[in-house]
Amino acid sequence: MPDLNDATRGRVLYGGDYNPEQWPESVWHDDIRLMRRAGVTTVTVGVFSWARLEPRPGARDFDWLDRVLDLLHEGGIEVCLATPTASPPPWMGSRHPETLPRDESGTVVWYGSRNQFCASSPVYRDHALRITEDLADRYGGHPGLRMWHVGNEYGTHCWCDETARHFRRWLRTRYGGLDALNEAWGTAFWSQRYDSWEEIIPPRRAQYLINPGQALDFRRFTSDALLECFTAERDALAARTPHIPVTTNFHPLFIGQDGWAWAAEEDVVSVDLYPDPKDPHAAAYGALVQDLTRSQAGGPWVLMEQAAGPVNWRGVNHPKPHGLMRLWSLQAVARGADAVCFFQWRQSRQGGEKFHSGMVPHAGEHSRTFARVGELGAELRELAPVVGTDVPARAAILHDWHSWWATVQDGRPSSLVSCERLLRAWHQALWERNLTTDFAHPHADLTDYALVAVPQLYLLTDEALDNLAAYVRGGGTLVCGFFTGVADEDDRVRPGGVDRRLRGLLGIRTVHEWWPLDEGEALTAEGAWLGAFHGTLWSEDLEPSTAEPVARIKGGELDGRPAVIRNAYGTGTAWYVSTLPEPTALRALLGRAAEEAGLAPALPGLPEGVEAVWRGPYLFLLNHGRTPAVVPLPSAPSGRTDLLTGRAHHTSVRLDRFAVMVLAPPESLA
Ligand code: GLA
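Looking at an unreviewed UniProt entry, one finds the protein named Beta-galactosidase and attributed to Streptomyces iranensis. The UniProt entry for the protein carries the following text under Catalytic activity (unreviewed entry): "Hydrolysis of terminal non-reducing beta-D-galactose residues in beta-D-galactosides." Note on the protein: under the UniProt heading Sequence similarities (unreviewed entry), the record states "Belongs to the glycosyl hydrolase 42 family."

Chemist: Is there a simple way to explain the site of the ligand in this structure?
Modeler: Surrounding the ligand, one finds Phe48, Arg114, Asn152, Glu153, Asp272, Tyr274, Glu305, Trp313, Phe343, Glu353 and His356. Here an oxygen atom of the ligand and a side-chain polar atom of asparagine 152 are 2.7 Å apart. Within the side chain of histidine 356, an N or O atom sits 2.7 Å from an oxygen atom of the ligand. Across the complex, the protein chains shield 96% of the 310 Å² of accessible surface that the ligand would expose by itself. For the shell around the ligand, the per-class residue count stands at four nonpolar, two polar and five charged.

Chemist: Whenever I open this one, helix 16 (residues 462-473) confuses me. Can you help?
Modeler: In an α-helix, one turn spans 3.6 residues; hence positions three or four apart end up facing the same way. An ideal rise of 1.5 Å per residue puts 16 Å on twelve residues; helix 16 measures up with 16 Å between its terminal C-alpha atoms. Within the span of helix 16, buried status applies to Ala464, Leu465, Asn467, Leu468, Ala469, Tyr471 and Val472. On its buried face, helix 16 sits against strand 10 (395-398), strand 12 (451-454), strand 13 (477-481), helix 17 (500-506), strand 19 (562-569) and strand 20 (572-577). Of the residues flanking the end of helix 16, it is glycine 475, one or two places downstream, whose phi is positive at about 115°.

Chemist: Teacher, can you tell me more about the nonpolar core here?
Modeler: If you look at the biggest cluster of nonpolar residues, it comprises 189 residues, and the most contacted ones within it are Val45, Leu65, Leu72 and Val564. By residue number, the principal contributor to this core is helix 9 (residues 212-240), which donates nine residues. Beyond its immediate chain neighbours, meaning those up to four positions away, leucine 65 contacts Val45, Leu53, Leu81, Leu135 and Tyr139. Leu606, Leu619, Ala629 and Leu663 belong to the second-largest nonpolar core, a separate cluster that totals 15 residues.

Chemist: Hey, could you run me through the layout of surface pockets in this one?
Modeler: One simple way to see leftover space: roll a probe sized like a water molecule over the atoms. Empty space within the largest pocket amounts to approximately 950 Å³. Around the largest pocket, the lining is made up of 37 residues, and of these Ile210, Asn211, Pro212, Gln409 and Asp410 lie nearest the centre. Breaking the lining of the largest pocket down by element, the ones donating at least two residues are helix 8 (178-185) and helix 9. Per-element tally for the lining of the largest pocket: the top contributor is helix 9, with five residues. The residue makeup of the lining of the largest pocket, split by class, is 20 nonpolar, seven polar and ten charged.

Chemist: Hey, could you run me through the pattern of salt bridges in this one?
Modeler: Opposite charge on two side chains makes pairing possible when the charged atoms of those side chains draw close. If you walk through the whole model with that rule in mind, you get 50 salt bridges. The partner of aspartate 291 in a salt bridge is arginine 335, and the shortest N-O contact between them spans 2.8 Å. One end of the pair, aspartate 291, is in helix 11 (residues 282-297); the other, arginine 335, is in the loop between helix 12 (324-334) and strand 9 (337-342), with 44 residues separating them in the sequence. Residue aspartate 291 shares its accessibility class with arginine 335, and that shared class is buried. A cluster of three or more residues bridged by salt bridges with shared partners is formed by Asp30, Asp31, Arg33, Arg37, Arg346 and Glu365.

Chemist: What is the right way to read the environment of proline 361 from this model?
Modeler: Assignment of secondary structure puts proline 361 in the loop between strand 9 and helix 13 (368-382). For the pair formed by proline 361 and serine 348, sequence separation is 13 residues and the distance between their alpha carbons is 8.5 Å.

Chemist: Can you help me understand the sheet that holds strand 25 (residues 640-642) in this one?
Modeler: Pairing between sheet strands relies on hydrogen bonds along the backbone, with the strands arranged either parallel or antiparallel. Read across the open sheet, the five strands follow the order 22-23-28-25-26; overall the sheet is antiparallel. Every interior strand has two partners, whereas the edge strands, strand 22 (610-615) and strand 26 (648-649), have only one. Summarising the sheet, strand 25 and strand 26 pair through two bridges and their orientation is antiparallel. Bridging from a neighbouring strand, arginine 640 pairs with histidine 649 of strand 26.

Calculation rules
- Residues numbered from 1 in each chain as written.
- Predicted model: local features only at pLDDT ≥ 70, side-chain atom pairs only at ≥ 80, totals over all residues.
- Heavy atoms only, no water.
- UniProt positions renumbered as here; feature names shortened; annotations may be inferred.
- Near = heavy atom within 4 Å.
- Polar contact = N/O pair within 3.5 Å; in protein donor to acceptor, adjacent residues only side chain to side chain.
- Areas by Shrake-Rupley, 256 points an atom, 1.4 Å probe, with all protein chains shown as cover.
- Nonpolar A, V, L, I, M, F, W, Y, C, P; charged D, E, K, R; others polar.
- Helix = DSSP H or I, 4+ residues; strand = E, 2+ residues; numbered from the N terminus.
- Expected span 1.5 Å × (residues − 1).
- Buried < 20%, exposed > 50% of the residue type's maximum accessible area, 1.4 Å probe, protein only.
- Contact = heavy atoms within 4.5 Å.
- Core = buried A, V, L, I, M, F, W, Y, C linked by side-chain atoms within 4.5 Å.
- 1 Å grid on protein atoms, 1.4 Å probe; cavity = no way out; pocket = protein on both sides within 12 Å on 5 of 7 lines; lining within 4 Å.
- Points joined across faces, edges and corners; volume = space filled by probe spheres on them.
- Salt bridge = Lys/Arg side-chain N within 4 Å of Asp/Glu carboxyl O.
- Pairing = 2+ DSSP bridges.

The structure is reproduced here in structure tokens:
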């Protein structure tokens, strides 16, 4: 199977989405000139060019693309060629309205934007496959082709009748018979029992709460239905060009796809990433998305899209202060990216995204943005030695999209508790301590991790529960957040409210009641070494069995109940945290658990705001702070050389605001 190495071939790929169909041909020549100037290696062509390639059903207009690919090739720019299937042309919706998605109320979602297709529509699938096959037949042998990019940010939903038929087929495969489905969905509740398959529909708009089993399965189904669209195109491409890797770009932390299942079907995993320059936690968020993407990829990955400046889809769209675009690009490389790309090459003059920045902005080649794009291209060339290396991590956060799906339904103890909020808080606490963290699926082999953190896994399968128990029994350290292990795979509450095995592992006799907290409400808790801290979102009337309390709630109804407990189990240790501790306390707590588990940060003694990550033998230092920082270096007899400047450093380095160094041991430069 081809992989990312077949595209990188020892270089960090650099480029972006290139949409020449939006420009007269005279501009194309200028594009190539500027790409060369900027150090661009690779561009993604054709993401939304279906209407140009197939102006009417069955017609083909490929000549312009022939010329584009040849021009790029002559200019030394390689191509990641996209199938255009994320945006069907108007003729499809007009002639085949059944390809258009319908929302929960049955309202048609029209063309005139993009992504207007129903993943279950045989007509859409058939047209998508044919244009894909024709593209592969025509360009499979093109010398500039390095990668295929299928669709774009898969994530549409549809509730139409075709989807209903497809959903039923999917359910038959999952359950075999209706009895099993009725049992799994708990249809004895509210007279929801199904007597025939034809009665089953997607969870459409209804009077009151939707059946949670039905809603959860519909999310599973939708991810699978979209994945079928991807794999059909992938297979057509792979059959024609078995040596060219295939990818599709994920939205960051996007709830609509089971990222683990999708990544397993890709040769190369890629993601789009747009942190808000005004968000004080943007760097932590970026690190989270990068860690998750690397973990799903099982190695190096592609940053398929980021912005050179502002996006256009926030209320207020902020440009990036000088140095931030470079800092975030190199952060991605530090955390495993072997490609740094943008949306998009040249800023559009028309269309919905004309105020979204580009590598070549409206201000043109003499702009500061383009100058910085060129500087970054030159620097990435110096990072060739890093390509293909691993990011070693001995801590893992467990994440399962199915559990997330189960938590987004109404009728729960608190609508304030969100999986994303908890993931971000816990990951940030580890990131701020410079403990490099992977993500892992709850069924994954955890034995190599010294620390496993579970911010929240409301839904845990039997297999996952056994996995967690075996991990701790065998000497692992588990830190588990509240409202975990509550439901089984069908979203049925486990006897006792929290699974018996998990309670045994955590040393909990009973969780008598959940006491969620209001927005703005906080509890106070206190522990010997944790001191006093606030907790938000959640609290519990928790009664331990074998666990020792680490911190107790002070005041209020739950005065004296444990907020944090710690339990010896087998040869390992399991912690349980029944609230969301304020950031300093969560950091202290996870830091202590890591320390006890023998885990050290990437570098000791780092000043606040400085991120350190090892990639193979290379030490990345990134100053996210707004003031200069001095970083003591680990001893190396002949010092370390910054790959970006070629300068040697010995005992310590000074990093200005937003500065980055990539320090190499001398032997790696021999
Ligand atoms: C996504 C899409 C791009 C573009 C950008 C804008 O990542 O894939 O086509 O719309 O957003 O930020």
